[in-house]
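# Tertiary structure, described
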Amino acid sequence: MTQSCEHCFKPEEGSTKLDRCSACRWALYCSRACQSANWYLHKSICRGIVRCNEKIDSFPPGDPERKVLEITAELRKFTGRNRDLLGQAAIQAINLHANHDAPNKLALEVHVQWLPYSARFRVIHAFVQPLEVYANLGDVVQQRALYHHKNKTEDGLMGCILIMIKCGEGSDLPRPVYSFTYCAPDHDGAARAPKFTWMEELIGTIHEEPPLSTAVAW
């Protein structure tokens, strides 16, 4: 599945080319105008990613805390590369086609395993959770609320599906590592979303990641 602009959700196809935020190298935009319009939403994530990257070098190689930070950085890249597939799976998982209020009640949690020998993740499990399960993760809830409000009130979309990506179960990480993303289609977009067996698609496809070739311009 193609990648899309963080602000207007325009896919990267034809003459539309996406560039990465030069600070965090995670968010994708089709234009400077979209990047500027989305800054009030993106800035907290962007600054958090930059701080995480700066902290990595403050720990010696082999330090458990350094490993957590390195896996966190890789998990954000993984989330960005697979955002559209994760979003389409979330639409299926919470049955958005039939229940347009589902983003207000449900989230998709995806468990992944880090494969150091190939420097990539693979999905091992995914399931739907009530949204209130993440109430103790204040930053996640706040960011999701901002996106949800923006998409509902400004763009006429259906709000945000929270997708939590978790790495840490069954590994030697001292604590779980999380990343998160969103899918925010309008009613027509939800109706057009391809129907597929989302669990099988995530487990069978998402770890086969293409090379990351998107340019960095802004």
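Please refer to the structure higher up on the page.
Presented here is a report on the structure given in the accompanying data block. (Residues numbered from 1 in each chain as written. Predicted model: local features only at pLDDT ≥ 70, side-chain atom pairs only at ≥ 80, totals over all residues. Heavy atoms only, no water.)

### Here's the deal with unusual backbone geometry
- Despite not being glycine, R25 has its phi angle at roughly 60°, a positive value.
- Counting through the fold element by element, R25 comes out in the loop between strand 1 (19-20) and strand 2 (28-29).
- R25 sits in the exposed class, given a relative accessible area of 52%.
- The backbone phi angle of N95 is positive, close to 60°, even though this residue is not glycine.
- Along the chain, the position of N95 falls in the loop between helix 3 (83-93) and strand 3 (106-115). (Helix = DSSP H or I, 4+ residues; strand = E, 2+ residues; numbered from the N terminus. Buried < 20%, exposed > 50% of the residue type's maximum accessible area, 1.4 Å probe, protein only.)

### Observations concerning the nonpolar core
- If you look at the biggest cluster of nonpolar residues, it comprises 27 residues, and the most contacted ones within it are V110, V112 and L202.
- For this core, the elements supplying multiple residues, two or more each, are helix 2 (64-81), helix 3, strand 3, strand 4 (120-130), strand 5 (161-167) and helix 6 (198-205).
- The element best represented in this core is helix 3, accounting for six residues.
- Setting aside its immediate chain neighbours within four residues, V110 contacts L86, V123, H125, A126, I163, M164, I165, K166 and L202. (Core = buried A, V, L, I, M, F, W, Y, C linked by side-chain atoms within 4.5 Å. Contact = heavy atoms within 4.5 Å.)

### As for helix 2
- An ideal rise of 1.5 Å per residue puts 26 Å on 18 residues; helix 2 measures up with 26 Å between its terminal C-alpha atoms.
- For helix 2, the full list of buried residues reads R66, V68, L69, I71, T72, A73, L75, F78, T79, G80 and R81.
- A side-chain oxygen of the first residue of helix 2 lies 2.8 Å from the backbone nitrogen of E65; this N-cap is D63. (Expected span 1.5 Å × (residues − 1). Polar contact = N/O pair within 3.5 Å; in protein donor to acceptor, adjacent residues only side chain to side chain.)

### Points about the side chain of R83
- With respect to the helices and strands, the residue R83 is situated in helix 3.
- For R83, the contacting residues outside a window of four places in its chain are E6, W26, T181 and Y182.

### Observations regarding the pairing of strand 3
- Of all the ten residues making up strand 3, seven are buried; the element is thus mostly covered by neighbouring parts of the structure.
- Sheet analysis places strand 3 next to strand 4, joined by ten bridges and oriented antiparallel. Paired with L108 across the bridge in strand 4 is V128.
- Here strand 3 folds back onto strand 4 in antiparallel fashion, the turn holding four residues, of which A119 has a positive phi close to 55°.
- Where strand 3 and strand 5 come together, six bridges link them in parallel fashion. Across the sheet, the residue bridging to V112 is C167, located in strand 5. (Pairing = 2+ DSSP bridges.)

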